[in-house]
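Topology and contacts: notes
Chain by chain, the residues:
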Amino acid sequence: MATLGYDETCYISGSKWRVHDDARPQPRVVTPPTASTQEAPGAAPSDAVVLFDGTDLSGWEKHDGGGAPGWKVEDGYMEVVPESGDIRTKAQLGDCQIHLEWAAPGEVAGDSQGRGNSGVFLMGRYEIQVLDCYENPTYADGLTGGLYGQCPPLVNACRPPGQWQTYDIIWTAPRFEGDTLLRPARVTLLHNGVLLHHDKALLGPTKHKVTTHYAPHPAAGPLRLQDHGDLVRYRNIWYRPLSDYDAS
Ligand code: MG
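Residues numbered from 1 in each chain as written. Predicted model: local features only at pLDDT ≥ 70, side-chain atom pairs only at ≥ 80, totals over all residues. Heavy atoms only, no water.

Here's the deal with the overall build of the protein chain
Of the regular secondary structure elements, the protein chain holds zero helices and 15 strands. Relative to its length of 248 residues, the protein chain is compact, with a C-alpha radius of gyration of 20 Å against a globular reference of 18 Å. Taken along its principal axes, the extent of the C-alpha atoms in the protein chain is 70 × 45 × 35 Å. Scored against the burial criterion, the 248 residues of the protein chain give a buried share of 44%. Accessible surface, the protein chain: about 12,900 Å² in total, of which carbon and sulfur atoms supply 52%. (Helix = DSSP H or I, 4+ residues; strand = E, 2+ residues; numbered from the N terminus. Rg over C-alpha atoms; globule rule 2.2 N^0.38 Å. Buried < 20%, exposed > 50% of the residue type's maximum accessible area, 1.4 Å probe, protein only. Areas by Shrake-Rupley, 256 points an atom, 1.4 Å probe, with all protein chains shown as cover.)

Shown next, in the form of structure tokens:
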């Protein structure tokens, strides 16, 4: 290959590479995702692991005890079947980028936490709230995209109920050494392309009406979706493990 860089320049501070180093490895080529529309989901990027492509729940199981999930699949989406329970991926995710799309019921019923409630639990434990907060007030740390019981989103970026909405999540798992927390989980979240959390540290796993603290758990865990009794839909769920992307 032709020489594109240099081999006599100064080293970059803190790096083993020179400025414009000819030997520095090239980033891999990834075909980016295509945009979703209300009518149809887009395509995942070429290096993503697809967790749900709209056809079946073969990559999922009941959160409570395992076994086949009770949610229904039709027309390219999955939908909560109330009282069938939360579901989770068989895949175990650590640090990652996640994309998913959800829609609250177009037929509005209930208010506050009783309207289009579901949730996305990272590592099965840490909930990013899914809720229809379009013209639906509720307590701040329970808003759409809130780190439930811990931190409200920066803004409310909800689309009207019935419309597809996107979550793009950058997740850094917590690190433990024995019983000691070395560093907390951190999350960046975009809702419909709008920033709701920027590298926000979590206080611990999600609780209801009480405070939380960390307890050690494995370095990877499932993506879990909540059955809160409302007919929330999901489609186009994929992730990219981030452990392979150290550019240092
Ligand atoms: Mg919820």
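Still more ground to cover, so stick around.
Focus on unusual backbone geometry
The phi angle at S112 is positive, at roughly 45 degrees, despite the residue not being glycine. On the secondary structure map, S112 appears in the loop between β6 (96-103) and β7 (118-122).

Let's talk about the nonpolar core
Counting 40 residues, the largest nonpolar core has W60, M78, W171, Y234 and I237 as its most contacted members. Of all the secondary-structure elements, those providing two or more residues to this core are β1 (49-52), β6, β7, β8 (126-130), β9 (165-172), β12 (186-191) and β15 (233-241). Residue contacts for M78: discarding those within four places in its chain leaves F52, L57, W60, W71, K72, V73, I87, L225, V232, R233, Y234 and I237. (Core = buried A, V, L, I, M, F, W, Y, C linked by side-chain atoms within 4.5 Å. Contact = heavy atoms within 4.5 Å.)

With respect to the sheet that holds β7
Taking strand neighbours across the sheet as the criterion, the five strands line up as β2-β5-β14-β7-β8 in an open arrangement whose pairing is antiparallel. Strands at the two margins of the open sheet, each flanked by one partner only, are β2 (60-62) and β8. Note that strand β5 (residues 87-89) and strand β14 (residues 224-225) share two bridges and pair antiparallel. Following the sheet pairing, R88 is matched in β14 by R224. (Pairing = 2+ DSSP bridges.)

Comments concerning the pairing of strand β13 (residues 194-201)
Looking at chain direction, β12 and β13 are connected through five bridges and run antiparallel. Among the inter-strand pairings, R186 is bridged to a residue of β13, identified as A201. Counting the residues that bridge the hairpin from β12 to β13 gives two residues, and of these N192 lies at a positive phi of roughly 55 degrees.

Topic: the coordination of the magnesium ion
Taken together, N117 (OD1), S118 (O), E127 (OE), Q129 (OE1) and Q226 (OE1) make up the full set of protein donors to the magnesium ion, lying 2.2 to 2.4 Å away. Sequence positions of the donors to the magnesium ion reduce to the motif N-S-x8-E-x1-Q-x96-Q. Judged on exposure class, the residue S118 and its partner E127 are both buried. (Donors = N, O, S within 2.8 Å, 3.2 Å for Na, K, Ca; no water.)

Let's talk about the side chain of T212
Considering the arrangement of structural elements, one finds T212 in the loop between β13 and β14. Beyond its immediate chain neighbours, meaning those up to four positions away, T212 contacts Q150, L203, G204, P205 and K207.

Overview of the packing of aromatic side chains
Going through the model one piece at a time under the given rule, you end up with seven aromatic pairs. Ring centres of Y139 and Y148 lie 6.1 Å apart, and the angle between their planes is 55 degrees; this geometry places the pair in the tilted category. A relative accessible area of 11% means that Y148 is categorised as buried. Arranged with centres 6.1 Å apart and planes meeting at 65 degrees, the rings of F176 and Y214 form a pair that is edge-to-face. Within this pair, whereas F176 is found in strand β10 (residues 175-177), its partner Y214 is found in the loop between β13 and β14, the two being separated by 38 residues in sequence. Each of the two residues, F176 as well as Y214, counts as buried. In this arrangement the basic side chain of R224 is found over the ring face of F121, its NZ or CZ atom lying 4.0 Å from the centre. (Phe/Tyr/Trp six-rings, centres within 6.5 Å; stacked < 30°, edge-to-face > 60°. Lys NZ or Arg CZ within 6 Å of the ring centre and 35° of its normal.)

Thoughts on the domain arrangement of the protein chain
Structurally, the protein chain comprises domain 1 (1-30) and domain 2 (49-241). Taking only C-alpha atoms into account, the centre of domain 1 sits 40 Å from that of domain 2. (Domains from an automatic or database assignment.)

Some words on a nonpolar patch on the surface
A cluster of nonpolar side chains, namely L154, V155, V194 and L195, defines an oily patch on the protein surface of about 310 Å² accessible area. Structurally, L195 can be placed in strand β13. Using a relative accessible area of 33% as the deciding quantity, one classes L195 as partly exposed. (Patch = residues over 30% accessible without salt bridge, like charges linked within 9 Å, V, L, I, M, F, W, Y side chains within 5 Å. Salt bridge = Lys/Arg side-chain N within 4 Å of Asp/Glu carboxyl O.)

Let's talk about the pattern of salt bridges
Where charged atoms from two side chains of opposite charge come close, those side chains can pair. The final tally for this structure, using the stated rule, is ten salt bridges. Across the salt bridge formed by D47 and R28, the nearest N and O atoms sit 3.9 Å from each other. Residue D47 is found in the segment before β1, and its partner R28 is found in the segment before β1; the two are separated by 19 residues along the sequence. Residue D47 is classed as buried on the basis of its relative accessible area, which comes to 17%. As a salt-bridge pair, K72 and E79 come within 3.6 Å of each other at their nearest N and O atoms. In this structure K72 comes out as partly exposed when scored by relative accessible area, which is 35%. Here the salt bridges share partners, and the residues they tie into one network are K72, E74, E79 and R233.

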